[in-house]
Structure formats: C-alpha cells, structure tokens
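So the chains spell out like this:
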Amino acid sequence: MNFFRGVMGGQAAGPQPSGAETIQKLCDRVASSTLLEDRRDAVRALKSLSKKYRMEVGTQAMDHLINILQTDRSDSEIIGYALDTLYNIICSDEEEEQDENTQKQVDDLGAQFTDHFIQDPEHLTLLLTLLEEFDFHVRWPGVKLLTALLKNQGPQVQGVILVSPMGVSRLMDLLADSREVIRNDGLLLLQQLTKSNAAIQKIVAFENAFERLLDIITEEGSSDGGIVVEDCLLLLLNLLKNNSSNQNFFKEGSYIQRMKPWFEVGDDNSGWSAQKVTNLHLMLQLVRVMVSPVNSPGATASCQKSMYQCGLLQQLCTILMATGVPADILTETINTVSEVIRGSQVNQDYFASVNAPSNPPRPAIVVLLMSMVNERQPFVLRCAVLYCFQCFLYKNQKGQGEIVATLLPSTIDANSISAGQLLCGGLFSADSLSNWCAAVALAHALQDNLTQKEQLLRVQLATSLGKPPVSLLQQCTNILSQGSKVQTRVGLLMLLCTWISNCPIAVTHFLHNQENVPFLTAQISENLGEDERLVQGLCALLLGICIYYNDNSLENYTKEKLKQLIEKRIGKENFVEKLGFITKHELYSRAAQKPQPIFPSPEEMLFDHEFTKLVKELEGMITKAVHKSSEEEKKEEEVKKTLEQHDNIVTQYKELIREQDAQIQELKEQLSSMTSQNEQMQATMTQQLSQIQQHKDQYNILKLKLGKENQNQGEGSQVNGMQTEELTQLREDVEELRKQNALLQTQLDDKDALINKLVSKYEIRPLERMNSYFVDLTQELEALRCQLQSQSAELNQVKMERQELLRRAEAGNDGSMDGAKMAELESRLTTQLTEMGRLKAEAKSSTESRAELEQQLASSTSTVAILQTEKAKLQTAVQESKKEQDDLLILLSDQDQKIFSLKQRLKDLGESVEDEDEDDLDAKDQMDDDEEEEDDDEEED
C-alpha cells in the first residue's frame with residue numbers, strides 16, 4: 001500500500017523514484033499480480049501517468065494492457081482503464097500550442113504506437129468485440145481508441161475491419177445507442193472509417209446509414225442544430241462524394257425529398273450563428289455532390305429532375321432571392337443552383353421564370369448579372385454569378401436565344417434593364433474583371449449555336465453623339481486594338497474566337513474590316529514579354545480560325561492569300577509556336593479541369609473551361625490548315641464535297657427509312673388492332689355457336705323426354721315433377737308461337753288490305769260480280785240437274801208401272817181397270833217427257849252460259865294470281881307456324897294426358913295428389929277452343 005501511496009502522490013520517506021522506474025514497477029505488478037484488485041489499481045495508476053509519460057507507458061505497458069483486454073474481459077472497470085490508457089498513448093489530447101516540429105514528433109509517436117498495436121490483426125478484432133459491450137466504461141473508450149487508430153493509420157485499420165466478420169455492422173450499431181456521447185463519438189468514428197474507401201462506404205450505406213443520419217439531423221434541428229448535425233453532414237459527404245453507387249441508392253431511396261426542409265428560411269435572416277452557417281454550407285455541398293458535373297450525365301439528370309419535382313430547386317431559389325443571407329451562404333447557394341440547372345432544360349426554364357422581390361420585379365438572371373458587373377461585389381460572388389450564368393446557358397439554345405434577343409434593336413426596351421444591356425455595359429466598362437466576365441458570359445450565349453452567332457452580327461452600338469452606330473463585332477476589335485489590360489484583351493479574344501468559329505458569315509464580317517488582319521499579324525510577329533505571349537497565342541488562334549472557316553467570299557482574304565500572308569509576315573513555324581503558347585500556359589490546365597471558375601485572385605482569371613475545349617479542338621486543325629498547299633486544299637475541298645453528297649444521299653435514305661419505319665409501325669398497329677378485333681369476333685361467334693348448339697341439345701333432350709314412357713311409380717313421380725316444368729316450358733313456347741302467329745296473321749291482313757286496295761285501284765270489281773253470278777248459275781244448274789234426275793226417276797217408275805200393266809194385260813187380268821191405269825200412265829209419261837225436254841233445254845242453256853262464264857273467269861284469273869302470290873307466301877308462313885304450333889300442342893296434349901294418367905294412378909294407389917288449379921284446366925280448354933277456331937278459319941280460307 002505504501003507503494004501505491006507513492007504512486008498516487010502520497011508522502012513517503014526516502015528518495016522519490018523516477019517516472020520510468022514507477023512505470024516499470026506498475027507493469028510488473030500488472031503482469032505478476034494474481035489479485036484482480038491489484039491489477040486494477042496498477043492499470044489505473046498507468047492511466048494517470050500515460051499523458052505525462054506517454055513514451056514510457058507506451059513502450060513498456062502496451063503489451064501488458066493488450067493482455068489485460070484479453071484475460072480480464074469479465075471486469076469492465078479494468079477494461080475501461082486499459083482502453084483509456086491505450087487511447088492516451090496513441091492519441092495526444094494536449095491543447096497547448098506546439099511548434100511544427102514538436103507536433104510532427106507527436107504524430108510520429110502516435111503512428112508508431114498504432115503500428116505496434118495493429119501488427120496483430122487479432123488486436124483490432126478484440127477491440128471490435130469489446131465494442132459490443134453495452135457498459136459505458138468499456139464502449140466509450142473503445143470508440144475513442146478505434147477512432148484514434150483510424151486517424152493515425154486509416155488504410156491499414158480499414159483493411160482489417162473490412163475483412164472482419166460483421167465488423168462494419170458492429171460500428172453501425174453505435175448510431176442507435178441511446179447515450180448521446182457514444183452516438184456522437186460513433187459519428188466521428190464512422191467519418192474516419194469511410195474516408196477514401198468506396199467498399200466500406202457502400203457497406204455503411206446499405207446498413208441503413210442514410211435513414212439513421214437523416215433522422216438524427218431532423219432530431220437535432222436541421223440547419224439550426226449543433227455540432228452533431230455538422231458531423232452527420234460530414235459523414236454523408238464521405239458516403240456520397242465520388243461514389244456513384246451510393247448516390248444512386250440515395251436517390252432511389254427518396255432521400256433527396258427529405259433535404260428540402262433543410263433550406264426553409266424565414267423572412268428575418270439576421271443574426272445567423274456560426275454553426276448554422278457551417279451546417280447550411282455543408283447541406284449545400286451535399287446537394288452539389290448529387291448533381292456534380294463530374295458525375296455520369298444520366299445520374300446527374302435524374303437527380304436534377306428529382307430536385308425540381310420535390311421543390312428543392314424552388315427552395316434554393318427562395319434563398320437566392322432572400323435578404324439578409326450571409327455572403328458565403330449566398331455564394332454557395334448560387335453555385336448550388338448553378339449545378340442543379342446545368343444541362344437540364346426544365347430546371348433552366350424554371351430558373352428563367354424566377355423574379356426577384358423588387359419593385360418592379362426583375363428576373364433573377366438580371367439581378368445576378370448586375371452583381372457580376374459590379375466591381376464592388378466580392379470576387380467569389382462574381383465568380384459564382386458567372387458560373388450560374390454559364391450553367392443556365394449550357395446546352396440551352398432557348399436561353400441563348402433569349403439572351404441574344406435582348407441585344408437586338410427590335411427587342412430593346414428603354415424603360416427596363418435587360419441582360420444584354422448589362423453584358424454590353426460590362427464588356428466596355430473600365431473594370432478589366434467586368435470586361436472578362438461579360439465577354440465570357442456572352443461567349444457562352446453563342447456556344448455551339450450558329451443561329452445566335454449570325455443574329456449577334458445585327459447588334460449595333462451607339463458610341464457617341466453625332467457618329468454612326470458600329471456593330472458589336474467592330475467595337476470589340478476596336479477596343480482590342482487600343483491596347484487595354486491583358487485580362488480585357490484575353491476576354492475579348494476568347495469572345496471573338498468563339499463567335500467566328502464554325503460560322504463563315506461571321507468570319508467574312510470580321511475580315512471585311514481592313515484593319516483586323518494587319519493588327520493580328522502585327523501582334524503575332526512582335527517579340528513581346530512573357531505577359532503578352534498569351535495574347536499572341538490567342539491572336540494566332542483567331543487568325544487561324546479565319547483561315548479554317550473561310551468561305552473565300554472576299555477576294556483579298558481568301559484562304560490561300562491569308563496563308564501566304566502568314567508565311568511572309570510571320571512564318572509558319574513561328575505561327576504554330578505562338579499558337580502553342582495557349583496550351584502551355586499554367587492557368588490553361590487549371591481551367592480545363594472543372595467547369596466552375598475558381599481562381600485565387602482576379603489577376604489569375606484568364607481562361608474559361610469551355611474555351612479550353614475549343615482550343616483543344618481547333619489547335620490541330622489550324623496547324624494542318626496552315627501547312628496545307630493549295631493543291632491539297634483543292635483535293636480536300638473535293639473530298640468534302642463528295643462526302644457532303646454522300647452524306648446528303650445517306651440522309652435522304654435515312655429519312656426514307658424513317659418514313660417507311662413509321663408506315664410499317666402504323667401498319668403493324670393497324671394489323672394488331674384488326675387481329676384483336678378478329679379474335680374478339682371469333683370468340684363471340686364461338687360463344688354464340690356454343691349457345692345455339694346448347695339450345696339445340698336442350699330441345700332434342702326435351703323431345704326425347706316427352707317421348708319416353710313412364711316405367712314405374714318412382715320414375716313416374718320423378719317424371720311428373722320434370723314434366724310439370726317441361727309442360728310450363730311448352731306452354732311458354734306455344735304462347736310465343738301464338739304471338740308469332742298473331743303477328744303473321746296481322747301481316748296477312750295487311751297484305752289482304754293491300755290486295756283489296758289494288759283491286760279497287762285497278763277496277764277489278766266486275767270480276768267479283770262475275771264470280772258471284774257464276775256461283776248462282778252453278779247453283780241453278782245443279783238444281784236443274786236434281787230436278788232432271790227426279791223426273792228421270794219418276795219416268796223410270798212410270799215406265800216400270802206401264803210394263804207391269806202390259807204384262808198383266810197380256811195375262812188377261814181385269815182389263816177395264818188396267819186400261820184406265822194405262823191411260824193414266826200414258827198421260828203421266830207424256831207429261832214427264834215434256835217436262836224432261838224442257839229441263840234438258842234449260843240445262844243446255846245453263847251449260848252454255850257456264851262455259852262462257854268459265855272462259856271469262858279464266859281470262860281474269862291471271863290478274864288475280866299476281867295479287868294472290870304475296871298472300872300465298874304469307875299463308876305458307878302461317879301454315880308453317882301453325883304446323884309447328886300444332887306439333888307443340890300435340891306434345892302438350894300428350895304431356896297433359898300422361899300427367900293426368902300418372903296422377904290417376906297415384907290416386908288409385910292411395911297417394912295424396914294435389915289437383916291442378918282450375919286456371920290450368922281453363923287454360924287447356926281455352927287452348928282447345930283456340931285450336932278449333934283456327935281449324936274453322938282454315939276451312940273457311
């Protein structure tokens with residue numbers, strides 16, 4: 001105990017041991033003590049000495065401390081002391097200021113101890129295992145120790161954690177710890193873990209890191225939160241920057257929409273805290289990471305679309321136009337809006353519609369350009385506005401046309417300030433930076449747009465009172481020849497090169513001024529200082545563009561004459577050398593790296609990113625064009641014409657193929673539609689045929705069932721039930737046939753009426769009278785025949801009686817009586833013969849009259865036959881309907897008879913049978929009556 005008093009500061013007799021000796025004794029105690037309390041006290045003493053004697057504790061006690069972590073895991077207190085001691089050894093938390101050499105020694109010492117600790121990967125695995133302990137005194141120092149190891153030897157520690165089973169998952173669990181200090185230090189640990197390691201970044205992202213981090217940011221108050229929000233944003237930047245997989249996962253997870261509330265600012269924006277400025281700055285950087293120009297175009301376009309749809313772009317534009325926003329936040333917001341709209345037509349159109357809250361309202365583009373050409377604005381803000389204007393015009397021909405239109409005479413409004421007026425004002429102001437920015441901005445309005453290059457040739461400028469206006473092209477060359485500052489001349493030369501490149505009309509306008517070519521040749525041929533070399537190179541580029549895009553419309557400045565002029569005045573080799581000054585300039589390579597104009601100072605603002613692309617494209621072509629001879633030029637022209645002809649032919653065939661493809665596609669659609677309709681019709685037809693067949697089958701089955709005889713009582717009972725239903729169906733069919741018969745009868749009556757009408761119309765009524773007379777005559781003739789037959793019978797009777805009398809007379813019987821009878825018979829015979837003669841004469845007369853009438857009737861029959869044809873057809877239909885109805889009535893009658901017999905048998909057998917309703921009997925009687933009436937009607941017809 002005296003030993004520990006001495007270590008802990010107690011008073012002890014004798015000389016005090018040195019720090020190294022004390023540490024050695026403590027290490028021995030840790031290694032040799034069997035009691036846990038002794039080892040715990042010794043480790044606690046080492047912890048207290050580890051900050052002051054970092055070197056000694058690290059060199060002597062590290063192995064003993066690692067051994068404690070392995071053997072005494074059951075005691076959380078000693079484990080906590082050991083972890084704290086290792087942390088103090090590896091990481092120095094001394095806050096006092098140290099010179100550079102001392103700090104370097106401290107860092108080297110920490111790296112050495114880290115190397116010693118991670119020599120055995122099992123030590124890191126052991127540390128990861130300890131992080132699973134929930135005890136605060138173990139978990140917190142473990143987190144700090146692992147963070148320090150990552151700071152000192154990040155790649156090596158990352159490699160071990162990456163191959164450790166569930167290593168990253170264990171660390172992700174720290175974000176879910178309810179103790180804020182562990183969660184916050186866990187954020188710092190994950191920041192170090194995810195630095196420059198795409199594999200770990202992906203694992204962390206797929207461990208639901210985005211969801212957890214965004215939840216923490218929301219819980220902590222978003223942009224108004226503290227340092228924890230900053231740590232979360234830094235970790236998000238690590239996960240997303242230059243990691244396309246995580247960016248896509250972030251977008252697909254709809255996390256972009258959750259960023260919108262971060263940028264909701266109120267009307268009162270005064271008094272922003274430093275932490276809020278830092279948080280918002282990081283949030284804007286996070287948005288820029290998702291739409292950075294270095295990302296793949298497809299991923300950037302998708303994120304831009306999402307930001308517009310969720311309202312994030314609108315929120316950023318609100319900050320852009322708000323008052324009281326700090327300058328650095330406003331600058332970063334401008335840069336962020338720039339990249340959100342870059343290359344996206346929808347976003348660019350929206351930005352063009354944004355107005356500043358001024359009176360009267362002005363477009364946001366105009367307000368920003370006013371800041372760009374104002375030399376009193378901060379340099380970084382002016383660069384941001386230029387970048388925003390460039391991004392607005394990037395691949396936006398509509399926006400380019402709108403900007404150029406504000407310079408044309410027909411669209412200039414004297415009562416308002418337009419973008420074109422601001423650009424012209426900046427182009428010709430006394431501030432060289434404004435000249436350069438305005439020239440570059442105007443060049444972007446012409447980038448890859450031949451139409452606007454030609455339109456800009458129409459712009460006329462009023463230089464002073466009493467003098468005629470000059471073109472914008474001429475004014476640029478005038479300022480160039482006046483020998484202004486290098487920055488101004490570089491800006492104007494970049495504008496002119498962009499303007500006349502790939503535009504023969506602009507080249508002709510430029511060469512039309514007789515002073516331009518001599519000025520360029522003079523500038524190139526002079527031996528000037530280092531600062532002027534860039535201007536010489538740009539003049540050589542401009543002259544080379546005049547050669548390459550020359551259409552030989554000016555006789556004095558054809559391609560061949562300009563090349564001869566270069567060879568005489570400058571020399572081809574000298575010309576090419578001066579042209580190479582551009583790409584050799586140190587600021588050229590810096591501007592070619594990124595689209596955003598980032599310059600340390602205004603004096604270094606010389607090159608534009610898009611212009612570097614133009615130089616790279618034109619340098620080789622101009623060099624070849626200068627060295628080519630006239631014969632080669634002619635051959636090349638012929639080849640170009642041939643290629644153009646071939647291209648035109650190919651284009652025509654392509655158009656023809658497109659038209660044919662469109663026709664084929666249209667025909668395919670029609671075929672598909674007709675095929676679909678055909679299939680539908682086939683299906684409908686099949687369904688209808690199936691229904692018809694089903695009905696036929698049902699009808700045949702019904703006929704078979706009606707024709708079967710009942711075999712037994714059970715079967716009869718069943719048939720009784722079935723036949724009742726069938727009887728009902730048959731009655732319905734009979735009723736339907738009656739309706740059809742009535743309909744046909746109605747049609748027949750209509751036809752009869754029509755026949756009567758036609759008969760009346762064509763005066764056929766005498767024929768009817770003839771028919772009536774013929775009938776009467778026939779009846780009279782028949783009566784006469786009857787009388788004649790009667791007379792003949794009587795005559796035969798008289799003859800028979802006469803013969804009988806004669807026979808008796810011959811036999812000698814009663815002569816007197818027979819004579820009297822004979823006389824009477826003779827008298828009667830004479831009378832009968834006379835009457836018979838008269839009747840024969842009348843019959844003959846009637847027969848002649850009848851023959852005459854039959855002849856007249858035959859002549860009229862042909863007329864009546866035509867009128868009777870339609871009636872015969874209808875009668876045929878009626879007969880067919882009646883025949884079918886008769887069949888059904890017979891079936892119905894048979895069915896009723898069977899039902900009646902079956903019921904009678906059931907009654908005889910003693911079964912109770914319900915009698916049919918009287919209505920059924922009445923119906924049957926009514927049907928029989930109807931049938932008899934129909935038969936009578938047929939007989940009458």
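It should be noted that the structure appears before, not after, this text.
It should be emphasised that the depicted structure is a prediction, and the values quoted were computed from it without experimental measurement.

A.B. asks: Mind showing me how you'd approach the nonpolar core here?
C.D. replies: Grouped burial of nonpolar side chains is what soluble globular proteins tend to show. Among the nonpolar cores identified, the biggest contains 207 residues, and Leu146, Leu171, Trp262, Phe263, Phe351, Trp499 and Leu541 are the most heavily contacted of them. Built from parts of two domains, this core gets at least three residues from each of domain 1 (18–187) and domain 2 (434–628). Contact partners of phenylalanine 351, with chain neighbours within four places excluded, come to Cys317, Leu320, Val337, Ile341, Ile365, Leu368, Cys388 and Phe392.

A.B. asks: What exactly am I supposed to notice about the pattern of salt bridges here?
C.D. replies: Any two side chains of opposite charge can pair, on the condition that their charged atoms come close. Following the criterion strictly, the structure yields 22 salt bridges and no others. Among the ionic contacts, a cluster of salt bridges with common partners joins Arg40, Asp75 and Glu77.

A.B. asks: Got a minute to help me understand helix H16 (residues 297–309) in this structure?
C.D. replies: Each α-helix winds once per 3.6 residues, and so residues spaced three or four apart point in a common direction. An ideal rise of 1.5 Å per residue puts 18 Å on 13 residues; H16 measures up with 18 Å between its terminal C-alpha atoms. By the burial criterion, the buried members of H16 are Thr300, Cys303, Gln304, Ser306 and Met307. Taken down its axis, H16 places every buried residue within 165 degrees of arc, on the same side. Opposite the buried face of H16, at more than 90 degrees from it, the exposed residues are Pro297, Gly298, Lys305 and Gln309. Where the residues of H16 are buried, they touch helix H14 (244–252), helix H15 (274–290), helix H17 (312–321), helix H18 (327–341) and helix H19 (345–353). In the stretch just after H16, glycine 311 is the one whose phi turns positive, near 90 degrees.

A.B. asks: Whenever I open this one, unusual backbone geometry confuses me. Can you help?
C.D. replies: If a residue is not glycine, its phi is most likely negative; likewise, a peptide bond is most likely trans. Even without being glycine, methionine 166 reaches a positive phi, approximately 60 degrees. Mapping methionine 166 onto the fold places it in the loop between helix H9 (154–163) and helix H10 (167–172). Here methionine 166 falls in the exposed class, since its relative accessible area comes to 56%. You will see that serine 222, though not glycine, has its phi angle at about 55 degrees, which is positive. Within the secondary structure, serine 222 sits in the loop between helix H12 (198–219) and helix H13 (227–240).

A.B. asks: Please explain the packing of aromatic side chains as it appears in this structure.
C.D. replies: The geometry of an aromatic ring pair is captured by the separation of the ring centres together with the interplanar angle, meaning the angle of the planes. Taken as a whole and assessed by the stated rule, the structure comprises twelve aromatic pairs. A ring pair is formed by phenylalanine 250 and tyrosine 255, whose centres lie 5.5 Å apart and whose planes are at 40 degrees; its orientation type is tilted. For phenylalanine 250, a relative accessible area of 0% corresponds to the buried category. Relative accessible area serves as the criterion here: at 8%, tyrosine 255 is assigned to the buried category. On the numbers, 5.6 Å between centres and 85 degrees between planes, the contact of tyrosine 588 with phenylalanine 607 is edge-to-face. Taken together, the residues span a long stretch of sequence, with tyrosine 588 in helix H34 (residues 586–591) and phenylalanine 607 in the loop between H34 and helix H35 (609–627) at a distance of 19 residues. Of the two residues, tyrosine 588 and phenylalanine 607, neither departs from the other in class, the shared state being buried. A connected cluster of aromatic rings, assembled from ring pairs, spans Phe206, Phe210, Phe249, Phe250 and Tyr255.

A.B. asks: Just checking my understanding: could you explain the packing of helix H3 (residues 36–50) against helix H5 (residues 76–90) for this structure?
C.D. replies: Packing of H3 against H5 leaves a shortest axis separation of 9 Å and a crossing angle of 25 degrees. Between H3 and H5, the interaxial angle falls into the category roughly parallel. Two packed elements cross with a definite hand, and for H3 against H5 that hand is left-handed. Taking contact as the criterion, the partners of Leu36, Arg39, Arg40, Val43, Arg44, Leu46, Lys47 and Ser50 in H3 are, on H5, Glu77, Ile78, Tyr81, Ala82, Asp84, Thr85 and Asn88. Of the residues contributing to the contact of H3 with H5, the split by class is six nonpolar, three polar and six charged.

What counts, and at which threshold
Residues numbered from 1 in each chain as written. Predicted model: local features only at pLDDT ≥ 70, side-chain atom pairs only at ≥ 80, totals over all residues. Heavy atoms only, no water. Core = buried A, V, L, I, M, F, W, Y, C linked by side-chain atoms within 4.5 Å. Buried < 20%, exposed > 50% of the residue type's maximum accessible area, 1.4 Å probe, protein only. Domains from an automatic or database assignment. Contact = heavy atoms within 4.5 Å. Salt bridge = Lys/Arg side-chain N within 4 Å of Asp/Glu carboxyl O. Helix = DSSP H or I, 4+ residues; strand = E, 2+ residues; numbered from the N terminus. Expected span 1.5 Å × (residues − 1). Arc of directions from axis to C-beta. Phe/Tyr/Trp six-rings, centres within 6.5 Å; stacked < 30°, edge-to-face > 60°. Axes fitted to C-alpha atoms, helices over the stretch in contact; angles between N-to-C directions. Parallel < 35°, antiparallel > 145°, perpendicular 65-115°, else oblique. Left-handed = near helix turned anticlockwise from the far one by under 90°. Nonpolar A, V, L, I, M, F, W, Y, C, P; charged D, E, K, R; others polar.

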